[in-house]
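Results of the structural survey
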Amino acid sequence: MVSENFLPFKVEQFLSDMEHGVVYNFSESGVHPMSLKGLVDLAEIDLDQLLATMIDYPQVNGKQSLRETIAGFYPGASSDGVMVTVGATEANTLVANTVLGAGENVVCFRPTYEQISGNAVNRGNEVRWVNLVEANGWGIDAEALDRAVDDKTRIIHVVNPNNPTGRVLSDIDRAHIIAAANRVGAWIVVDEVYAGTEREGDIETPSFWGSTDRVLVVNSMSKAYGSPGLRLGWLVGPEDIIQECWRRHEYASIAASMLSMELADKALAEPARSKLKARARRLIRTGFDVLTQELARHQGVFSVVPPQASAMSFVRFNLPIASEELGLRLLREKDVLVIPGSRFGVENHFRFSSALPEDHLREGLARLNDLTGDILNHT
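In this report, the structure presented in the accompanying data block is examined. Keep in mind that what you see is a predicted model, and the values were worked out from it rather than measured.

Below, the discussion takes up the nonpolar core. Counting residues in hydrophobic clusters, the biggest one holds 63 residues, and the most contacted among them are Ile156, Ile177 and Leu232. If near-sequence neighbours (up to four positions away) are discounted, Ile177 is found in contact with Phe109, Ile140, Leu145, Ile156, Val158, Leu169, Ile188 and Phe208. One finds Ala91, Ala96, Val99 and Tyr194 within the second-largest nonpolar core, a separate group that totals 25 residues.

Before going further, it helps to spend a moment on the sheet that holds strand E2 (residues 82–85). The sheet built from seven strands is open, its strands ordered E2-E8-E7-E6-E5-E3-E4 with mixed pairing. Looking along the sheet, the strands with just one partner apiece sit at the ends: E2 and strand E4 (126–131). Here the strands of the sheet are splayed against their neighbours by 20 degrees on average, with no regard to which way each runs. As judged from the four bridges shared by strand E7 (residues 215–220) and strand E8 (residues 233–236), these two strands associate in the antiparallel manner. Paired with Val218 across the two strands is Leu235, which belongs to E8. The sheet strands contacting helix H4 (residues 64–71) are E2 and E8, and the helix crosses E2 at an angle near 115 degrees.

This brings us to helix H9 (residues 239–252). Between the first and last C-alpha of H9 there are 19 Å, a value that for 14 residues agrees with the 20 Å anticipated at 1.5 Å per step. Those residues of H9 that sit buried are Ile241, Ile242, Cys245 and His249. Buried residues along H9 sit against E2, helix H5 (87–99), strand E6 (187–191), E7 and E8. Of the residues trailing H9, Ile254 is marked for its positive phi of about 65 degrees.

Right, let's get into the pairing of E6. Of all the five residues making up E6, five are buried; the element is thus mostly covered by neighbouring parts of the structure. Burial along E6 is two-sided: Trp187, Val189 and Asp191 facing one way and Ile188 and Val190 facing the other are all buried. Summarising the sheet, strand E5 (residues 153–159) and E6 pair through five bridges and their orientation is parallel. Considered in E6, the bridge of Ile156 is made with Ile188. With respect to chirality, the unit in which E5 leads through helix H8 (residues 171–184) into the neighbouring parallel E6 is right-handed. Here four bridges tie E6 to E7, and the two strands are oriented parallel to one another. What sits directly across from Val190, in E7, is Val217.

Right, let's talk about the pattern of salt bridges for a bit. Summed over all chains, the structure comprises 23 salt bridges. For Arg128, the salt bridge goes to Asp150, with nearest N and O atoms at 2.7 Å. Highlighted residues: Arg128 in strand E4 and Asp150 in the loop between helix H7 (142–148) and E5, separated in sequence by 22 residues. The partner of Arg362 in a salt bridge is Glu294, with the nearest N and O atoms 2.9 Å apart. Here Arg362 is found in helix H13 (residues 358–377), whereas its partner Glu294 is found in helix H11 (residues 272–295), with 68 residues between them in sequence.

About the thresholds
- Chains are numbered independently. Their residues run from 1 in the order of the written sequence.
- Only residues with pLDDT of at least 70 get local features here, since the model is predicted, and only at 80 or more are side-chain atom pairs given and counted; chain-wide, interface and lining totals rely on the full set of residues.
- With hydrogens and water excluded, all non-hydrogen atoms of the structure serve as input to the side-chain values.
- Take the buried Ala, Val, Leu, Ile, Met, Phe, Trp, Tyr and Cys residues and link them wherever side-chain atoms come within 4.5 Å; each set so joined is a nonpolar core.
- A simple rule labels every residue: compare its accessible area, found with a 1.4 Å probe on the protein chains alone, to the largest value its type can have, and call it buried under 20%, exposed over 50%, or partly exposed in between.
- Any two residues having at least one pair of non-hydrogen atoms within 4.5 Å are treated as being in contact.
- Two strands make a pair as long as DSSP finds a minimum of two bridges between them.
- By the criteria applied, helices consist of DSSP H or I runs no shorter than four residues and strands consist of E runs no shorter than two, each listed in order from the N terminus.
- All axes are obtained by fitting lines to C-alpha atoms, using only the stretch in contact for helices, and the reported angles, taken between N-to-C directions, cover 0 to 180 degrees.
- One less than the number of residues in a helix, times 1.5 Å, gives the span that helix is expected to have.
- Note on handedness: a crossover is taken as right-handed if, strands pointing away from the viewer, the path from the first strand over the helix to the second is clockwise.
- When a carboxyl oxygen of Asp or Glu is within 4 Å of a side-chain nitrogen of Lys or Arg, the pair counts as a salt bridge.

So, in structure tokens, the structure goes:
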């Protein structure tokens with residue numbers, strides 16, 4: 001029997017229940033995925049060499065050359081301070097189960113991808129929410145952060161760039177988070193899966209790595225690299241903490257797959273890595289332009305704070321309908337899937353991923369506009 005106190009992962013539960021078979025799926029959070037052939041061609045992978053890969057257990061903490069490549073993204077990191085995981089999701093879960101102790105709390109910003117927070121609640125830890133301020137471009141509420149952080153705060157969790165808003169933290173917001181963590185000796189656990197998906201300019205969102213001694217960085221192949229099906233992520237931190245996470249990794253999954261590691265090893269090497277990020281930025285920039293054009297067809301109904309990065313927009317709507325009902329009607333009546341804002345703890349919004357082929361995107365948005373017209377005509 002499942003515990004009555006278990007908190008489901010609301011976003012992923014919605015996706016698990018709803019996304020399979022839908023024609024116009026705008027619920028995902030990454031760019032349009034690569035095909036295996038596309039990745040092999042872009043990264044110039046020797047197919048014969050790939051096919052010779054033994055389908056065996058790989059090195060449990062991650063292939064040595066892959067960990068060395070990843071460590072090179074974080075100045076001062078060592079390959080022993082990197083662990084390859086089954087997606088960023090496993091990395092987040094391992095961190096919660098390794099770092100958090102009884103009676104300690106986690107401070108999170110909302111809206112966000114509520115995985116660390118869900119893990120914390122299911123462990124019996126308190127989660128303290130700090131709301132991001134839409135009127136301030138989804139910036140942090142610094143006073144609320146200071147009130148939330150105390151000597152029992154073990155983790156301040158950050159997703160930067162943010163999911164679902166696409167906000168990149170300002171230098172001032174970053175400094176405030178670092179100061180709050182240093183004041184109480186908390187860990188900054190930062191999900192950086194959208195770094196490299198910038199919508200304006202090609203300067204990558206700076207990592208929190210190196211900003212303080214107590215930083216754990218999570219990243220993956222899923223978002224900027226367009227390869228979510230590899231289910232490959234990584235965790236970077238001090239070697240002693242990575243060792244502790246490794247022991248829990250052996251319980252959770254033993255290892256990521258050998259084939260995923262081989263493909264990621266090639267994809268993260270230059271020039272393939274830069275090519276993948278350039279592809280992501282092209283899709284993101286074109287897709288957002290299409291999204292704003294189509295949303296403007298119903299004046300006064302939709303608005304969005306332009307995301308600074310990521311494939312997503314967190315769209316506000318002015319309709320006499322709750323976000324969950326809007327999402328269900330879009331699915332039933334139009335074969336369109338978006339994620340209701342309620343799944344992020346924020347009403348009157350939905351998350352929409354637009355880094356997709358243009359024809360497909362426009363057709364799906366036309367269906368969103370059709371339903372919008374139906375709702376407006378019956379009020």
